[in-house]
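Next come the chains, spelled out residue by residue.
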Amino acid sequence: MTSRTRWGILATGGIAGTFVEDLALLPDAEVAAVGSRTAEAARRFAERHGIPRAHGSWADLAADPDVDVVYVATPHSAHHEATRLCLEAGKAVLCEKPFTLDLAATQDLITLAGERGLFLMEAMWMRTIPAVRRIAELVADGAIGEVTAVYADFGIGGDFPPTHRLRDPALGGGALLDLGVYPVTFAHLFLGPPQRIAALANLTPEAVDDNTGIILGYDSGAIATLHCGIVGNSPVAATIVGGTGRIELPSPFFRPDRFTVYHGDRAELVHAPIRGNGMGYEAEEVMRCLADGRLESPLVPWSESLDVMRSLDAIRAQIGVDYENNGRIAR
Ligand SMILES: NC(=O)c1ccc[n+]([C@@H]2O[C@H](COP(=O)([O-])OP(=O)(O)OC[C@H]3O[C@@H](n4cnc5c(N)ncnc54)[C@H](OP(=O)(O)O)[C@@H]3O)[C@@H](O)[C@H]2O)c1
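These numbers were taken from a predicted model, which means no experiment stands behind them.

1. Description of the overall build of the chain
Alright, step 1. Looking only at helices and strands, the chain features nine helices and 16 strands.
Alright, step 2. Relative to the 2.2 N^0.38 estimate, which gives 20 Å for 331 residues, the radius of gyration of the chain is 19 Å and therefore close to what a compact globule would have.
Alright, step 3. Expressed as lengths along the three principal axes of its C-alpha atoms, the size of the chain is roughly 55 × 45 × 40 Å.
Alright, step 4. Looking at the chain as a whole, 56% of its 331 residues qualify as buried.
Alright, step 5. Here the analysis covers contacts within the chain between residues at least 6 apart in sequence; of these, 66% occur between residues at least 24 apart.
Alright, step 6. Carbon and sulfur atoms make up 50% of the accessible area of the chain, which amounts to about 13,300 Å² in all.
Alright, step 7. Seen as two clouds, the 28 positive and the 42 negative side-chain charges of the chain have centres 2 Å apart.

2. Comments concerning the nonpolar core
Alright, step 1. In terms of nonpolar packing, the biggest core is built from 116 residues, with Trp 7, Ile 9, Phe 186, Ile 240, Ile 247 and Phe 253 touching the most fellow members.
Alright, step 2. In terms of residue count, helix α7 (residues 175-191) provides more of this core than any other element does, twelve residues in total.
Alright, step 3. Phe 186 has contacts with Met 126, Val 150, Ala 152, Ala 238, Ile 240, Leu 249 and Phe 253, leaving out every residue within four places of it along the chain.

3. Quick look at the pattern of salt bridges
Alright, step 1. Counted by the stated rule, this structure contains 21 salt bridges.
Alright, step 2. Put simply, Arg 134 and Glu 137 hold a salt bridge, and the shortest N to O gap is 2.9 Å. Of this pair, Arg 134 and Glu 137 both sit in helix α6 (residues 130-140), three residues apart, which is roughly one turn of that helix.
Alright, step 3. What makes Arg 134 partly exposed here is its relative accessible area of 38%.
Alright, step 4. On the accessibility criterion, Glu 137 (42% relative accessible area) is partly exposed.

4. Details of the packing of aromatic side chains
Alright, step 1. One pass over the full model with this rule turns up nine aromatic pairs.
Alright, step 2. Measuring from centroid to centroid gives 4.9 Å for Phe 186 and Phe 190, while their planes differ by 65 degrees, and the two rings are edge-to-face. Taken together, the residues Phe 186 and Phe 190, both in helix α7 and four residues apart, mark about one turn of the helix. Neither Phe 186 nor Phe 190 differs from the other in exposure class; each is buried.

5. A closer look at the sheet that holds strand β1 (residues 5-10)
Alright, step 1. With parallel pairing, the six strands of this open sheet are ordered in space as β3-β2-β1-β4-β5-β6. Both edges of this open sheet fall to β3 (53-55) and β6 (120-123), since each of them pairs with a single strand only. Geometrically, the sheet is characterised by an average inter-axis angle of 25 degrees between neighbouring strands, direction not taken into account.
Alright, step 2. Direction of pairing for β1 relative to strand β2 (residues 29-35): parallel, over a ladder of six bridges. Opposite Gly 8, over in β2, you have Ala 33 as the bridge partner.
Alright, step 3. Contacting β1, β2, β4 (69-72), β5 (92-96) and β6, helix α8 (residues 280-291) runs over the sheet at an angle of about 130 degrees to β1.

Cut-offs used in this document
- Residues numbered from 1 in each chain as written.
- Predicted model: local features only at pLDDT ≥ 70, side-chain atom pairs only at ≥ 80, totals over all residues.
- Heavy atoms only, no water.
- Helix = DSSP H or I, 4+ residues; strand = E, 2+ residues; numbered from the N terminus.
- Rg over C-alpha atoms; globule rule 2.2 N^0.38 Å.
- Buried < 20%, exposed > 50% of the residue type's maximum accessible area, 1.4 Å probe, protein only.
- Contact = heavy atoms within 4.5 Å.
- Areas by Shrake-Rupley, 256 points an atom, 1.4 Å probe, with all protein chains shown as cover.
- Lys, Arg positive; Asp, Glu negative; His and termini not counted.
- Charge placed at Lys NZ, Arg CZ, Asp CG, Glu CD.
- Core = buried A, V, L, I, M, F, W, Y, C linked by side-chain atoms within 4.5 Å.
- Salt bridge = Lys/Arg side-chain N within 4 Å of Asp/Glu carboxyl O.
- Phe/Tyr/Trp six-rings, centres within 6.5 Å; stacked < 30°, edge-to-face > 60°.
- Pairing = 2+ DSSP bridges.
- Axes fitted to C-alpha atoms, helices over the stretch in contact; angles between N-to-C directions.

Shown next as structure tokens:
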């Protein structure tokens, strides 16, 4: 590997552009190539972002010898196929959240990465944001005592047509996989995998969830109360409650630049500025792991991605959203 990590970008949508903007802020990163389903989209994206090589297929990107790691930024329904293709071609992969549509597909990718000795990470960038890392340290060090409750929500408003990615079951639509993955991951971060799950949702005519409430229960007695939706702007805030204090994260809680620690009535405001759009931290984590020869990130370990997917599967079973056949809904 050269001293700069050479990134390949797979898909040319909204988040791919944001990620490339943040890679440009990292001296150790270079965007070597982009791959798309069509040569035209790849060429346009390459032109817009000054990327040297544009490939008109995922296979050509995966076979590019001058790419060290591929960032997969397709809709969720294609994460498994695209990531598998890259791993089979010998590439390390950072795959957008949610890792896949279900636990079995995530397990398949992790097994393959392990067998091939390749790095693989879910792009759960929240976990790499400086404020969230600091909060995780504080909680682990007992700054608020034992965690007894977590609250987190992620609701967005908008007039999403049935063909939109968020409503199309063939693209893994619904609030849970796109937005709910953040509050669910947040709860796992501070409480681990739950012992009990209760969930309710309203389903659209396409049978994906648009307004979803989730309660996670723990043998310790702790409770996580979570919400996600695509029918209204919610606070997108989070709170971690402990026996001796609490920590409040302002909107957006998955990428905060500050947080407040309450010790009894005393409030301590902590600033933790964000560089760029905040996506460079996960890229740095990937590059650190590659340099160290790791297959998985200690910050976003495979076990946590599997635990979260297991919870998402259980929630979907309760609310009646059932993706099969790589995104086709079975009903
Ligand atoms: N980390 C974050 O903050 C964040 C934010 C937004 C989204 N995301 C995640 O990133 C992923 C992409 O989201 P996005 O908002 O960028 O979506 P998007 O704007 O719709 O772009 C997705 C891209 O994937 C390709 N694509 C479209 N339909 C496809 C299909 N049926 N099969 C395979 N590829 C297809 C297209 O690129 P080509 O035409 O080049 O093939 C398209 O531009 C999602 O999984 C989402 O959860 C993460």
